[in-house]
Amino acid sequence: QLIDLTTFMPLLEAQYASSSDEPALECPARWAIVNAVLALGVRSKTAAGSEAAMSDVVDGFCRNGTAALPELLLDQPSLLTVQALLAMVMFAKGIPDVQAFIVFATNASRMLQLFSLESEFLGLVMELEDLEQYGKVCDCVSKFEREATDLMGQKTVTGTESAMF
């Protein structure tokens, strides 16, 4: 579980109090994670046979979340930013969209590195709840990073090894 309900609900409420139709400039990570989690939730709760009818809703939430990607990547690294990228990884994995999965997974990994380095450099001390979330994020990033590395190492259509970055 990437984010628990008690953490997600205040994010959802804050986002809709700020704006229901565009990213809040003060927190693009909140916009991205709210939309990505809603997309995942709707997709997972859609009854078999209803996927086509709900696809516009799911795709809309997904597009909303990814619209904040430039801000996520250029903003100050944070735990919420990494969680938002991981929610996008999970969505891309379920489509499946290999390219999107790799892009989101590698960016989540690098953002976690930046967040960890910055936290260490500044001597930031996390609350217990944040430490638990940080542990979950580290586990998810590690898992998805391994999967992305495996995907990048697979043979391409031409039969050659794909390049690793």
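So, here's what we can say about the structure. These numbers come from a predicted model, not from an experiment.

**Observations regarding the overall build of the chain**
Next up, step 1: Each helix and strand in the chain was counted, giving 7 helices and 0 strands.
Next up, step 2: When the elements of the chain are put in sequence order from the N terminus, they spell out α-α-α-α-α-α-α.
Next up, step 3: The proportion of buried residues among the 165 residues of the chain is 38%.
Next up, step 4: Long-range pairs, those at least 24 residues apart, make up 62% of the contacts in the chain between residues at least 6 apart in sequence.

**Details of the environment of Ala-36**
Next up, step 1: Checked against the element boundaries, Ala-36 lands in helix H2 (residues 28-45).
Next up, step 2: For Ala-36, the residues in contact, after removing those within four places along its chain, are Ala-87 and Met-88.

**Thoughts on H2**
Next up, step 1: An ideal rise of 1.5 Å per residue puts 26 Å on 18 residues; H2 measures up with 26 Å between its terminal C-alpha atoms.
Next up, step 2: Within the sequence span of H2, burial applies to Pro-28, Ala-29, Arg-30, Trp-31, Ala-32, Ile-33, Val-34, Asn-35, Ala-36, Ala-39 and Leu-40.
Next up, step 3: Buried residues in H2 make contact with helix H1 (5-18), helix H3 (51-67), helix H4 (69-74) and helix H5 (79-94).

**Observations concerning unusual backbone geometry**
Next up, step 1: The omega angle of the peptide bond from Ile-95 to Pro-96 is -15 degrees, so this bond is cis rather than trans.
Next up, step 2: Of note, Pro-96 is situated in the loop between H5 and helix H6 (98-122).

**Some details on the side chain of Gln-83**
Next up, step 1: Position of Gln-83 among the secondary structure elements: in helix H5.
Next up, step 2: Judged by its relative accessible area of 3%, Gln-83 is buried.
Next up, step 3: Residues in contact with Gln-83, not counting those within four places in the same chain, are Leu-2, Ile-3, Ile-33, Gln-133 and Val-137.

**Concerning the packing of H2 against H5**
Next up, step 1: Put simply, H2 and H5 touch, their axes get as near as 8 Å, and they point 30 degrees apart. Classified by the interaxial angle, the pair formed by H2 and H5 is roughly parallel. Seen from above, H2 lies across H5 with left-handed handedness. Across the interface between the two elements, Ala-29, Arg-30, Ala-32, Ile-33, Ala-36, Val-37, Ala-39, Leu-40 and Arg-43 of H2 pack against Leu-80, Thr-81, Gln-83, Ala-84, Ala-87, Met-88, Met-90, Phe-91 and Gly-94 of H5.

Analysis parameters
Residues numbered from 1 in each chain as written. Predicted model: local features only at pLDDT ≥ 70, side-chain atom pairs only at ≥ 80, totals over all residues. Heavy atoms only, no water. Helix = DSSP H or I, 4+ residues; strand = E, 2+ residues; numbered from the N terminus. Buried < 20%, exposed > 50% of the residue type's maximum accessible area, 1.4 Å probe, protein only. Contact = heavy atoms within 4.5 Å. Expected span 1.5 Å × (residues − 1). Axes fitted to C-alpha atoms, helices over the stretch in contact; angles between N-to-C directions. Parallel < 35°, antiparallel > 145°, perpendicular 65-115°, else oblique. Left-handed = near helix turned anticlockwise from the far one by under 90°.

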